[in-house]
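# Inside the fold
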Amino acid sequence: MLPEGPGALLYDGQMAVFSGIQPTGPMHLGNYLGALKQWVSMQDAESLYCVVDLHGLTVDSDPALRREWSLDAMASLLAAGLDPSVGPVFLQSRVRYHAQLNWLLECVTSFGELGRMTQFKDKSERQASVRVGLFTYPVLMAGDVLLYNTTQVPVGEDQRQHLELTRELAIRFNNRYGETFVVPDAVLPSVGARVMDLQEPTRKMSKSVPSPLGTLYLLDEPAEIERKVMKAVTDTDGEMRYDPSAKPGLANLLEIFAALSEETPTRVAARFARYGELKKELAARLIATLEPIAARYRELRAEEGEIERVIEAGAAAAAAIAGPVYERAARNIGLL
Ligand code: AQP
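Quick notes on the rules
Residues numbered from 1 in each chain as written. Predicted model: local features only at pLDDT ≥ 70, side-chain atom pairs only at ≥ 80, totals over all residues. Heavy atoms only, no water. Buried < 20%, exposed > 50% of the residue type's maximum accessible area, 1.4 Å probe, protein only. Helix = DSSP H or I, 4+ residues; strand = E, 2+ residues; numbered from the N terminus. Pairing = 2+ DSSP bridges. Right-handed = clockwise from strand over helix to strand, strands pointing away. Contact = heavy atoms within 4.5 Å. Near = heavy atom within 4 Å. Polar contact = N/O pair within 3.5 Å; in protein donor to acceptor, adjacent residues only side chain to side chain. Areas by Shrake-Rupley, 256 points an atom, 1.4 Å probe, with all protein chains shown as cover. Nonpolar A, V, L, I, M, F, W, Y, C, P; charged D, E, K, R; others polar. Phe/Tyr/Trp six-rings, centres within 6.5 Å; stacked < 30°, edge-to-face > 60°. Salt bridge = Lys/Arg side-chain N within 4 Å of Asp/Glu carboxyl O. Core = buried A, V, L, I, M, F, W, Y, C linked by side-chain atoms within 4.5 Å. Axes fitted to C-alpha atoms, helices over the stretch in contact; angles between N-to-C directions. Parallel < 35°, antiparallel > 145°, perpendicular 65-115°, else oblique. Left-handed = near helix turned anticlockwise from the far one by under 90°.

## Some details on the pairing of strand β2 (residues 47-51)
Buried residues dominate β2, accounting for 5 of its 5 residues. Both strand β1 (residues 17-21) and β2 contribute to a ladder of 5 bridges, which runs parallel. Counted as the bridge partner of Ile21 is Val51 from β2. Read from β1 through helix α1 (residues 29-42) to β2, the crossover connection turns out right-handed.

## Points about the environment of Val40
Positionally, Val40 belongs in helix α1. Sequence spacing of Val40 and Leu78 is 38 residues, and the spatial spacing of their C-alpha atoms is 9.5 Å. In contact with Val40, other than residues within four places in its own chain, are Ala80, Gly81 and Leu82.

## Considerations on the site of the ligand
Looking at the ligand, there are 24 residues lining it, with Asp158, Lys204, Ser206, Lys207 and Ser208 nearest. Within the backbone of Gln22, an N or O atom sits 2.8 Å from an oxygen atom of the ligand. In this structure, an oxygen atom belonging to the ligand sits 2.4 Å away from a side-chain N or O atom of Asp158. Here the ligand has 620 Å² of accessible area as a free molecule, and 98% of this is covered by the chains. Elements with a contribution of two residues or more to the shell around the ligand: β1, α1 and α6 (118-125). Looking at which element gives the most residues to the shell around the ligand, the answer is α1, with 4 residues. Its residues assigned to classes, the shell around the ligand shows 7 nonpolar, 12 polar and 5 charged.

## Notes on the packing of aromatic side chains
Aromatic rings in a pair are described by how distant their centres are and how their planes are angled relative to each other. As enumerated under the stated definition, the model contains 9 aromatic pairs in all. In textbook terms, an aromatic cluster arises when at least three aromatic residues are bridged by ring pairs, as seen for Phe18, Phe90 and Tyr148.

## As for the pattern of salt bridges
Enumeration according to the criterion identifies 25 salt bridges in this entry. Between Glu312 and Arg94 there is a salt bridge, with its nearest N and O atoms 2.8 Å apart. Placement of Glu312 in helix α13 (residues 306-333) and of Arg94 in the loop between β3 (89-91) and α4 (97-106) is noted, with a sequence separation of 218 residues between them. Relative accessible area serves as the criterion here: at 44%, Glu312 is assigned to the partly exposed category. Classification of Arg94 by relative accessible area gives partly exposed; the value is 39%. Across the salt bridge formed by Glu303 and Arg296, the nearest N and O atoms sit 3.9 Å from each other. In this structure Glu303 comes out as partly exposed when scored by relative accessible area, which is 35%. We classify Arg296 as partly exposed; its relative accessible area is 33%. When salt bridges that share partners are traced, they join Glu68, Asp72 and Arg301 into one network.

## What to know about the nonpolar core
The biggest cluster of nonpolar side chains holds 57 residues, and the ones touching the most others in it are Leu77, Leu216, Ile256, Leu278 and Leu286. In terms of residue count, the dominant contributor to this core is helix α12 (residues 275-302) (10 residues). Ignoring anything within four residues of it in the chain, the contact list for Ile256 reads Leu29, Leu33, Val195, Leu198, Leu282 and Leu286. Counting 40 residues, the second-largest nonpolar core is a separate cluster that includes Phe120, Ala142, Phe181 and Ala329.

## Side note on the environment of Asp60
Mapped onto the fold, Asp60 is located in the loop between α2 (53-56) and α3 (63-80). Between the alpha carbons of Asp60 and Leu260 there is a distance of 33 Å; along the sequence they are 200 residues apart. When residues no more than four places from it in sequence are discounted, the contact partners of Asp60 are Arg66 and Arg131.

## A word on the packing of helix α10 (residues 248-261) against α12
At their nearest, the axes of α10 and α12 sit 10 Å apart, and the two run at 40° to each other. Here α12 runs oblique to α10, going by the angle between their axes. When the axes of α10 and α12 are compared, the crossing they make is left-handed. In contact with Leu250, Leu253, Leu254, Ile256, Phe257, Leu260 and Ser261 of α10, α12 contributes Tyr275, Leu278, Lys279, Glu281, Leu282, Arg285, Leu286 and Thr289. The residue makeup of the contact of α10 with α12, split by class, is 10 nonpolar, 2 polar and 3 charged.

Written out as structure tokens, the structure reads:
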């Protein structure tokens, strides 16, 4: 879809894709199906993918562990199939314009609209002392996207509201200060946009909520994947049909299967008579998809210096795009 309205004049005809992921722990199947799988399929010379380590600061952590998580996240992106020779893969904090644009955008955002963000409401309930950064997180995210003249943002369903805010801020800034930002669209996968916890299928699979049996990690061993899938919560009536509200556990398994096999959940349901058969076949498919990713990840983590080289090159390429956009925003808002 082409950008419309304010910002459209800046659009140069290229589809520019940007998306990011927080280095707040090992990546799970939701991150893969909701984000990484799409990122890989959409990657071209106009796409940028980022490990958003500044966003990761909204979660408490030991600095040494943070550094490890950032490297782990970079390795996971590359292992999932992103190719840094096609488009930049980089670390957010290495491009200073993210933090700089954040401030300009905070000054066009209202307190009330951030208070309405459901992710803030959910996450703040789980923090003893709520950081201001958790509250302003969607503004930093808006800046991440807007810095790259982005037209499309591939994300999972949980980021839809933040993307709406990004569009709102871009339009507002353009209306007040003149054409500055391209207004982006969210791109959600047709299935797999909301992978649920395998033990609590009414809650999304998440990095920051501990659920040892409910979260399927990209780096899980095959036996572990099989164990988690076979123990996934379903229901007792044993009737194989896709019904997310009445049968959320089964629907989650059917959606995961459908996202891997690129068909609809209803079609997947028609292929199996028993939950056990579905689970067995699903585990086999997950192992076949995730094992090569885990193997490549281990190779990359063992190659000293390789990830740092990708980070350096990616930051230089990203800054070359972000710099002029930031300068345009600063000039238009009235900074000398
Ligand atoms: N359960 C999910 N199903 C589908 N997509 C998902 N994503 C996250 N969880 C699911 C997508 O992964 C991308 C990166 O997410 P993020 O790092 O910004 O973190 P998040 O959205 O807050 O979710 P996480 O990874 O589970 O972390 P926590 O626990 O911190 O919330 C995004 O495109 C997201 O949509």
